[in-house]
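Working through the structure, step by step
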Amino acid sequence: MPLLAMVDGVRTVSTLQSDEQWQSLRTDVRAGRCSVRLPYCGAVAYLRTSKLGVRHFAHRAASDCASHPAETGQHLYAKNIIVQAARAAGWDAEPEARGEGWVADVLATGGTSRFAFEVQWSAQTRAQFEHRQHRYAADRVHGVWFTRYERSVPLPRRDLPVFHTAFAADSVTTVVNGTAMPLADTVIGLLTGRIGFRTHVATGQPAITQLSCFEYPCYGCGRVSLFWEVDRKIIDGPCGTRAEIRHALIWAKDRPEARPDVRRRVAMEADRLGVPLANLGSRYSATARGSYTAFSCPSCNALFGDWYLREYVMEARAEDAFLLVKFSGGGDRIEQPHWCRDAGQGQCVDREQAAALTGGPDLVPATNRHR
């Protein structure tokens, strides 16, 4: 059920015809005043409207045409949404477009950029996605996939955009970064850059470091000192994505507790509490069979082994016997590949890739975007 046909030799998209144009064309076809044939196979076509209200063309004689395989009404409905959305974004859009070794459900063209949108109605393996995507890339076309099989959606990748798609009676939605949105909005977002791939969650501002402080009595001299544990680093991106790095290191040589900004912040709490800070530096441990960055008593220099501190931390947390501290610091980005959607608050900063990648900061070169 193609949307594209040759009407007296002119490429014509059914869904782009007004009510008057469609009715006039139907009248002319019935009166034999014009010729309607399907491209690629040359078969005589007639005009139809699907149960979902989508105008389209069809073979006059039933056949198993390799150029125009059978499609469901929902597939046809989704193709129409993509065509209309691409045009609303200022791009040229043609259904059932063909290139070197590929056939796209909809091809959107803007400047020198081309997007092939595929509504993948049947199940497809990762290898099949990769193979077909390679054909598009070889022809300098950005392939974008909408699949109804959630398990077919890979982890976010710039070179393989695949989005889970759900079909209702009169709507089609896609899931972008965990958020369901209309298919039309997804298409427009991709073409205008309001949806773009990001390798990191970043706001341009420092992350939030969350740490816990514990008062610990030395097993050697009995004096109490303050040791600390960095729990996590958090960034909430403008797109609504939260990225976290959780820390629970044991016997580590490089640990976030040793960061200068963390030490300064903990020292403030120690002064406020009137408790001396535990020492933190490289120490040898027979239990760990080597040296690592460890806490020790500031009075007698006894080693506070990570294994024993871990047990102490678990008990202290269970009894809520610790001090939670949050402050800005620890870098301004956390690696987490995602499809970043501007929902009114902007998008994650992508300064490293913006200048380096030929595809621009997301999928579409800025000079080729149509608004």
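The name given to the protein chain in an unreviewed UniProt entry is Competence protein CoiA nuclease-like domain-containing protein, with the source organism recorded as Micromonospora tarensis.

This part covers the sheet that holds strand S16 (residues 242–246). With respect to topology, 4 strands assemble into an open sheet ordered S16-S15-S14-S20, the strand pairing being antiparallel. Each having just a single partner strand, S16 and strand S20 (323–328) make up the two edges of the open sheet. Strand-to-strand twist in this sheet, taken as the mean axis angle between neighbours without regard to direction, amounts to 25°. When strand S14 (residues 208–217) meets S20, the two strands line up antiparallel, connected through 6 bridges. By the bridge assignment, Thr-209 is partnered in S20 with Phe-327. Against the sheet, helix H5 (residues 260–273) touches S14, strand S15 (224–236) and S20, its axis set at about 135° to S20.

A few words on the packing of aromatic side chains. For the coordinates displayed, the defined rule picks out 20 aromatic pairs. Each ring, one from Phe-115 and one from Phe-117, has its centre 5.8 Å from the other, and the planes form 25°; the classification is stacked. Phe-117 carries the same exposure label as Phe-115, and that label is buried. A ring pair is formed by Phe-117 and Phe-146, whose centres lie 6.1 Å apart and whose planes are at 5°; its orientation type is stacked. Of this pair, Phe-117 sits in strand S8 (residues 113–120) while Phe-146 is found in strand S9 (residues 142–147), placing the two residues 29 residues apart along the sequence. Phe-146 shares its class with Phe-117; the two are buried. Connected via pairs of aromatic rings, a cluster forms that spans Phe-214, Tyr-216, Phe-227, Trp-228, Phe-295, Phe-304, Tyr-312 and Phe-322. If you follow Arg-148 out to its NZ or CZ, it ends over the ring of Trp-121, 3.9 Å from the centre.

All right, on to the pairing of strand S2 (residues 10–13) then. Both strand S1 (residues 4–7) and S2 contribute to a ladder of 4 bridges, which runs antiparallel. Each residue of the ladder has a partner; that of Leu-4, found in S2, is Val-13. Hairpin geometry of S1 and S2 is characterised by an intervening segment of 2 residues between the two adjacent antiparallel strands and by a positive phi of about 50° at Asp-8.

With that settled, consider the nonpolar core. Across soluble globular proteins, you tend to see nonpolar side chains buried next to one another. Residues Ile-82, Phe-117, Phe-146, Leu-183, Val-187 and Leu-191 are the most contacted members of the largest nonpolar core, which totals 33 residues. Elements that contribute at least two residues to this core include exactly helix H2 (73–88), strand S7 (102–110), S8, S9, strand S11 (172–176), helix H4 (183–192) and strand S13 (195–202). The element that contributes the greatest number of residues to this core is H2, accounting for 8 residues. Look past the residues within four positions of Ile-82 in its chain and what remains in contact with it is Val-106, Phe-117, Val-119, Phe-146, Leu-183 and Val-187. Counting residues in hydrophobic clusters, the runner-up holds 24 residues, among them Val-230, Ala-270, Leu-309 and Val-313.

Rules used throughout
- Residues numbered from 1 in each chain as written.
- Predicted model: local features only at pLDDT ≥ 70, side-chain atom pairs only at ≥ 80, totals over all residues.
- Heavy atoms only, no water.
- Pairing = 2+ DSSP bridges.
- Helix = DSSP H or I, 4+ residues; strand = E, 2+ residues; numbered from the N terminus.
- Axes fitted to C-alpha atoms, helices over the stretch in contact; angles between N-to-C directions.
- Contact = heavy atoms within 4.5 Å.
- Phe/Tyr/Trp six-rings, centres within 6.5 Å; stacked < 30°, edge-to-face > 60°.
- Buried < 20%, exposed > 50% of the residue type's maximum accessible area, 1.4 Å probe, protein only.
- Lys NZ or Arg CZ within 6 Å of the ring centre and 35° of its normal.
- Core = buried A, V, L, I, M, F, W, Y, C linked by side-chain atoms within 4.5 Å.

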